[in-house]
Structure formats: C-alpha cells, structure tokens
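# Chain and residue survey
The chain contents come next:
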Amino acid sequence: YLIDFRNRLFTVEDVTHRADDLIEKDLGFKERTLADWKEIFKLSIADGSVRISGYKKNDTIVEIPETIDGHTVMKIGDGAFKDHGTIESILLPSSITEIGANAFRGCIKLESIVLPEAVESIGHSAFGECTSLQNIVLPQTIKYLGDKVFVGCAALKQVTLPEGLEWVLESLFDGCH
C-alpha cells in the first residue's frame, strides 16, 4: 500500500496501473525538465557535461542531480554556492570531478559534506568561512587542493586527507583552531 500527501491509500494494483499519474499528480513528483533545473541552478552545458555555476533558492538541504537533461553533472563552478547562509547540507552526485574556487565559501550553516570519489580538484578557498563545518573526508582521487581551501573554518575538527597526497600548501587550514 501507498499513502499520498493527502493521506489517500493506494493498492499495488493502483500503483501498477496508474504509476505515471500517481507519481506526477497524486504524489506531487514529476521528472524535472531543463527549464525546471534552470529555476533552481545557474548552469551551463558543454561537451556533454553540466557545470553548476549558481544556486537560486534558499533551501537548507540541497541535492544536486547526477544528470540534467541527459547530461552528466561534473563540475561545481567558482562561487556557485558562495554566501548561501541557509544551506546546512549538500548532497553531491558521484559524478562530480571538480569543485571550483570559493564554491561553498560562506555557507556558514554547512556542518559536513561528503565528497564523491570522483573528485580530483578542489579550488582556492572552496570551503572558506564555512564556520560550522566540522568534518570532511577528502577522497583518494584528489590530485589538486587549492590555496586556503578551509580558511576560517573555525569549527573544523577532522579532515581526512587521501593517502597519496604528496603536498599541501601551508595556508590550507588558515584560521582553523
């Protein structure tokens, strides 16, 4: 059985025979179009991949999809979520390979983030001034960490660095206690 947001009960037969209607009309879900995604994110599509370059909402939880309009979301651009003080949690798809400079800078309520294993590059001050950020695990695939990635992350308690990382800049943790 399935109960929708109006507390109506549906049987297995209802779900089987009316799946599309139930999902879109009765449950309030629908597959998002490119136009829908452009209401949420500033984005660009090039060479078959999507770059998220901005966020237009004020939600506390942000979930970035793995694909938009059939194109893989691979990059979080420079300053994409900068100074979005309402964000507490960001769910990144496994397809993300690059996080740009200042991407999450100033997300003061962001406490933790899980970086997918595909991430190879994190830009300058990507998590700077995320004053609530406490824990982060950097994937083994990281090849590049920019300058001051965690600058001003005063609440930072634990960062797990990848085993193969050969060097980090002295300023990586400036302003961290």
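For the structure itself, consult the block above.
As a starting point, this report considers the structure included with it. (Residues numbered from 1 in each chain as written. Predicted model: local features only at pLDDT ≥ 70, side-chain atom pairs only at ≥ 80, totals over all residues. Heavy atoms only, no water.)

To describe a pair of aromatic rings, one takes the distance between the centres and the angle between the planes. Considering all chains together, one arrives at eight aromatic pairs under this definition. Relative to Tyr55, the ring of Phe41 lies with its centre 5.7 Å away and its plane at 45°, an arrangement referred to as tilted. On the criterion of sequence distance, the pair formed by Phe41 in strand 3 (residues 41-46) and Tyr55 in strand 4 (residues 49-55) is long-range, its members being 14 residues apart. In this structure, Phe41 and Tyr55 share a single accessibility class: buried. Centroid distance Tyr55 to Phe81: 5.4 Å. Interplanar angle 35°. Geometry classified as tilted. Placement of Tyr55 in strand 4 and of Phe81 in the loop between strand 7 (71-76) and strand 8 (89-91) is noted, with a sequence separation of 26 residues between them. (Phe/Tyr/Trp six-rings, centres within 6.5 Å; stacked < 30°, edge-to-face > 60°. Helix = DSSP H or I, 4+ residues; strand = E, 2+ residues; numbered from the N terminus. Buried < 20%, exposed > 50% of the residue type's maximum accessible area, 1.4 Å probe, protein only.)

Along any regular strand, the residues point their side chains to alternate faces of the sheet. Burial analysis of strand 4 places five of its seven residues in the buried class, the great majority of the element. The pairing of strand 3 with strand 4 spans six bridges and is antiparallel. Following the sheet pairing, Leu43 is matched in strand 4 by Ile52. Counting the residues that bridge the hairpin from strand 3 to strand 4 gives two residues, and of these Asp47 lies at a positive phi of roughly 50°. (Pairing = 2+ DSSP bridges.)

Leave glycine aside and you will find that most residues have negative phi; peptide bonds, for their part, are mostly trans. The residue Asp83 is not glycine, and still its phi comes out positive at about 65°. When you line up the elements, Asp83 lands in the loop between strand 7 and strand 8. For Lys148, which is not glycine, the phi torsion reads 55° and is therefore positive. With respect to the helices and strands, the residue Lys148 is situated in the loop between strand 13 (144-145) and strand 14 (158-160).

So, about a nonpolar patch on the surface. Taken together, Leu161, Val168 and Phe173 make up a surface patch of nonpolar side chains, about 220 Å² in accessible area. Looking at the secondary structure, you find Val168 in the segment after strand 14. (Patch = residues over 30% accessible without salt bridge, like charges linked within 9 Å, V, L, I, M, F, W, Y side chains within 5 Å. Areas by Shrake-Rupley, 256 points an atom, 1.4 Å probe, with all protein chains shown as cover. Salt bridge = Lys/Arg side-chain N within 4 Å of Asp/Glu carboxyl O.)

A word on the pattern of salt bridges. Enumeration over the complete set of coordinates arrives at two salt bridges. Glu129 serves as the salt-bridge partner of Arg105, at 3.8 Å between the closest nitrogen and oxygen. Of this pair, Arg105 sits in the loop between strand 9 (98-99) and strand 10 (112-114) while Glu129 sits in the loop between strand 11 (121-122) and strand 12 (135-137), placing them 24 residues apart in sequence. You can call Glu129 partly exposed: its relative accessible area is 31%.

Ranked by size, the top nonpolar core spans 41 residues in total, and within it Phe81, Phe104 and Phe127 carry the most contacts. Every element with two or more residues in this core is listed here: helix 3 (34-40), strand 3, strand 4 and strand 7. Of the residues forming this core, the biggest block, three residues, is contributed by strand 4. Setting aside chain neighbours within four positions, we find Phe127 in contact with Ile99, Phe104, Ile113, Leu115, Ile122, Leu133, Ile136, Val149, Phe150, Val151 and Cys153. (Core = buried A, V, L, I, M, F, W, Y, C linked by side-chain atoms within 4.5 Å. Contact = heavy atoms within 4.5 Å.)

With that settled, the discussion passes to the sheet that holds strand 10. Strand order in the open sheet formed by three strands is 10-12-14, and the pairing between neighbours is parallel. The outermost strands of the open sheet, each flanked by one partner alone, are strand 10 and strand 14. Strand-to-strand twist across the sheet, computed as the mean angle between neighbouring axes with direction ignored, equals 10°. For strand 12 and strand 14, the ladder comprises three bridges, and the chain directions are parallel. Considered in strand 14, the bridge of Val137 is made with Thr160. (Axes fitted to C-alpha atoms, helices over the stretch in contact; angles between N-to-C directions.)

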